[in-house]
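Residue-level structure breakdown
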Amino acid sequence: MTRHSQRVFGVTGWKNSGKTGLTVRIVEELTRRGWRISTVKHAHHEFDIDRENTDSWRHRQAGAGEVAIVSGKRWALMHELRQEAEPALEDILERLAPCDLVVIEGYKRENHPKIEARRLDAANREPLAAGDPGIIAIAADHSVAEQHLPVFDLDDTIAISDFIERVTGLAKRRSAAS
């Protein structure tokens, strides 16, 4: 069982399955409904949010383990792993500020409730749901044979967001506040 205190819901799928587009639409819809949403995106490749020769880049190059960049509009904390292992999702969730829901993109192998995005143009069309009990729904741009899970049109953001509110308990919080 998870030890973090945040409500979470994931969007998973193969490369080019529509994960990012679905995640963005879910975040837009749920924030429109008044929820405070955070996201965690898993990257399978090296990435850098800093540009070469900026002051913060130079701090990291000098050996700083963490560098915080702060302005009047936003702040970011970069943590260099150096020889450390990639942190567990649980550890990342513990670092997030409190919010109503964390939408997690990727993290196929983690055990949290998630929807599987499927597109005909995906790099791999092998269904993930059969091998992942965390997948509790499917969003696809084509017909889906699975009968044991709810299936949504990949672009039906309203119905998917309603589903997420129900399964995460956000709908109950809205009812209790009314």
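Residues numbered from 1 in each chain as written. Predicted model: local features only at pLDDT ≥ 70, side-chain atom pairs only at ≥ 80, totals over all residues. Heavy atoms only, no water.

1. A short note on the overall build of the protein chain
Counting its regular elements, the protein chain contains five helices and eight strands. Traced from its N-terminal end to its C-terminal end, the protein chain shows the element sequence β-α-β-α-β-β-α-β-β-β-β-α-α. For the C-alpha atoms alone, the extent of the protein chain along its principal axes is close to 55 × 45 × 30 Å. Every one of the 178 residues in the protein chain was classed for burial, and the buried ones make up 40%. Taking the contacts inside the protein chain whose residues are at least 6 apart along the sequence as the reference set, 58% of them involve residues at least 24 apart. Element-wise, carbon and sulfur atoms account for 50% of the exposed surface of the protein chain, whose accessible area totals about 11100 Å². Positive and negative side-chain charges of the protein chain, numbering 26 and 28 respectively, have mean locations separated by a distance of 3 Å. (Helix = DSSP H or I, 4+ residues; strand = E, 2+ residues; numbered from the N terminus. Buried < 20%, exposed > 50% of the residue type's maximum accessible area, 1.4 Å probe, protein only. Contact = heavy atoms within 4.5 Å. Areas by Shrake-Rupley, 256 points an atom, 1.4 Å probe, with all protein chains shown as cover. Lys, Arg positive; Asp, Glu negative; His and termini not counted. Charge placed at Lys NZ, Arg CZ, Asp CG, Glu CD.)

2. Side note on unusual backbone geometry
Of note, the phi angle at Asn 16 is positive, near 65°, even though the residue is not glycine. For Asn 16, a relative accessible area of 43% translates into the label partly exposed. Even without glycine at this site, Arg 82 takes up a positive phi of about 50°. Note that Arg 82 resides in the loop between strand E4 (75-79) and helix H3 (89-95).

3. Quick word on the pairing of strand E5 (residues 101-105)
For E5, the tally of buried residues reaches five of five residues, placing the bulk of the element in the interior. Side chains Leu 101, Val 103 and Glu 105 of E5 all project onto a buried face; the interleaved residues Val 102 and Ile 104 project onto the opposite face, where all are buried too. Pairing of strand E1 (residues 8-12) with E5, which is carried by four bridges, proceeds in the parallel orientation. What sits directly across from Phe 9, in E5, is Val 103. Both strand E2 (residues 37-41) and E5 contribute to a ladder of five bridges, which runs parallel. What sits directly across from Thr 39, in E5, is Val 103. (Pairing = 2+ DSSP bridges.)

4. Looking at the pairing of E1
Most of E1 is tucked away: five of the five residues are buried. The alternating pattern of E1 places Val 8, Gly 10 and Thr 12 and Phe 9 and Val 11 on opposite faces, both of which are buried. Bridge analysis of E1 against strand E6 (residues 114-118) gives three bridges, and the strand direction is parallel. In the strand pairing of E6, Gly 10 is matched with Lys 114.

5. So, the packing of helix H4 (residues 157-168) against helix H5 (residues 170-177)
Contact pair H4 / H5: the axes reach a minimum separation of 4 Å and the direction vectors enclose 80°. By the angle between their axes, H4 is roughly perpendicular relative to H5. Here Glu 165, Arg 166 and Thr 168 of H4 come into contact with H5, specifically with Leu 170, Ala 171 and Arg 174. Among the residues forming the contact of H4 with H5, the class breakdown is two nonpolar, one polar and three charged. (Axes fitted to C-alpha atoms, helices over the stretch in contact; angles between N-to-C directions. Parallel < 35°, antiparallel > 145°, perpendicular 65-115°, else oblique. Nonpolar A, V, L, I, M, F, W, Y, C, P; charged D, E, K, R; others polar.)

6. Remarks on a nonpolar patch on the surface
Taken together, Val 70, Trp 75 and Leu 77 make up a surface patch of nonpolar side chains, about 360 Å² in accessible area. The class for Trp 75 is exposed, based on a relative accessible area of 62%. (Patch = residues over 30% accessible without salt bridge, like charges linked within 9 Å, V, L, I, M, F, W, Y side chains within 5 Å. Salt bridge = Lys/Arg side-chain N within 4 Å of Asp/Glu carboxyl O.)

7. Points about the sheet that holds E5
Spatially, the six strands line up as an open sheet ordered E2-E5-E1-E6-E7-E8, and their pairing is parallel. At either end of the open sheet lies a strand with only one pairing partner, and these are E2 and strand E8 (151-153). If you compare each strand with its neighbour and ignore which way they point, the axes differ by 25° on average. Sitting on the sheet, H4 is in contact with E1, E5, E6, strand E7 (135-140) and E8, with an inclination near 140° to E1.

8. A short note on the side chain of Glu 80
On the secondary structure map, Glu 80 appears in the loop between E4 and H3. A polar contact of 2.5 Å, which involves the side chain of Glu 80, links it to the side chain of Arg 60. Not counting residues within four places of it along the chain, the set of residues in contact with Glu 80 comprises Arg 60, Ala 64 and Gly 65. (Polar contact = N/O pair within 3.5 Å; in protein donor to acceptor, adjacent residues only side chain to side chain.)

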